[in-house]
Amino acid sequence: MARFNRAADIVKRHLRLRKKVSGTSARPRLCIAKTLRHLYAQVIDDEARVTLLQASTLEPALREELHGSNIASAEKLGAILAERAKEKGVTAVVFDRGGHVYHGVIKAFADACRKGGLQF
């Protein structure tokens, strides 16, 4: 009988993806991290090793309205991150799904970022 370890699978996928995905100053990397309670997103310039902006469901302003790591929170967080990216002048990013499968919360976040004006 095969035993599955979801956390190990996520780490394997993430390491495999990071070999191919890298952010530049022209197209920074949009990285999302997901736990059972919260979502964290960053826009990172890997060449300069600088985080340009970030958003999470832990921020005091968002904590009251966003509850949990669900699709509704992902959509709102994606819209907020896209708005902050526009203010910083970031229009195109490379999407790093952090080893998570592209469906559900991750897909909802990506779609909200696209609606907000970010190009993947």
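Residues numbered from 1 in each chain as written. Predicted model: local features only at pLDDT ≥ 70, side-chain atom pairs only at ≥ 80, totals over all residues. Heavy atoms only, no water.

1. Focus on helix α3 (residues 71-88)
Link 1 in the chain: Its 18 residues give α3 an end-to-end C-alpha distance of 26 Å, which sits within 8% of 26 Å, the value for a rise of 1.5 Å per residue.
Link 2 in the chain: Inspection of α3 places Ser73, Ala74, Leu77, Gly78, Ile80, Leu81, Ala82 and Ala85 among the buried residues, and these make up the whole buried set.
Link 3 in the chain: Looking at the buried residues of α3, the elements they touch are β1 (29-34), β2 (39-45), β3 (50-56), α2 (60-63) and α4 (105-115).
Link 4 in the chain: In the segment just after α3, Gly89 is the residue with positive phi, at about 90°. (Helix = DSSP H or I, 4+ residues; strand = E, 2+ residues; numbered from the N terminus. Expected span 1.5 Å × (residues − 1). Buried < 20%, exposed > 50% of the residue type's maximum accessible area, 1.4 Å probe, protein only. Contact = heavy atoms within 4.5 Å.)

2. A few points about the sheet that holds β2
Link 1 in the chain: Spatial strand order, β3-β2-β1-β4: four strands in an open sheet with mixed pairing. Only two strands of the sheet have a single neighbouring strand rather than two, namely β3 and β4 (94-96). Ignoring strand direction, the axes of neighbouring strands in this sheet form an average angle of 20°.
Link 2 in the chain: With three bridges connecting them, β1 and β4 associate as parallel partners. Within β4, the residue paired with Arg29 across the bridge is Val94. (Pairing = 2+ DSSP bridges. Axes fitted to C-alpha atoms, helices over the stretch in contact; angles between N-to-C directions.)

3. Points about unusual backbone geometry
Link 1 in the chain: Unusually for a residue other than glycine, Arg49 sits at a positive phi of about 55°.
Link 2 in the chain: By the element assignment, Arg49 lies in the loop between β2 and β3.
Link 3 in the chain: Residue Arg49 is classed as exposed on the basis of its relative accessible area of 76%.

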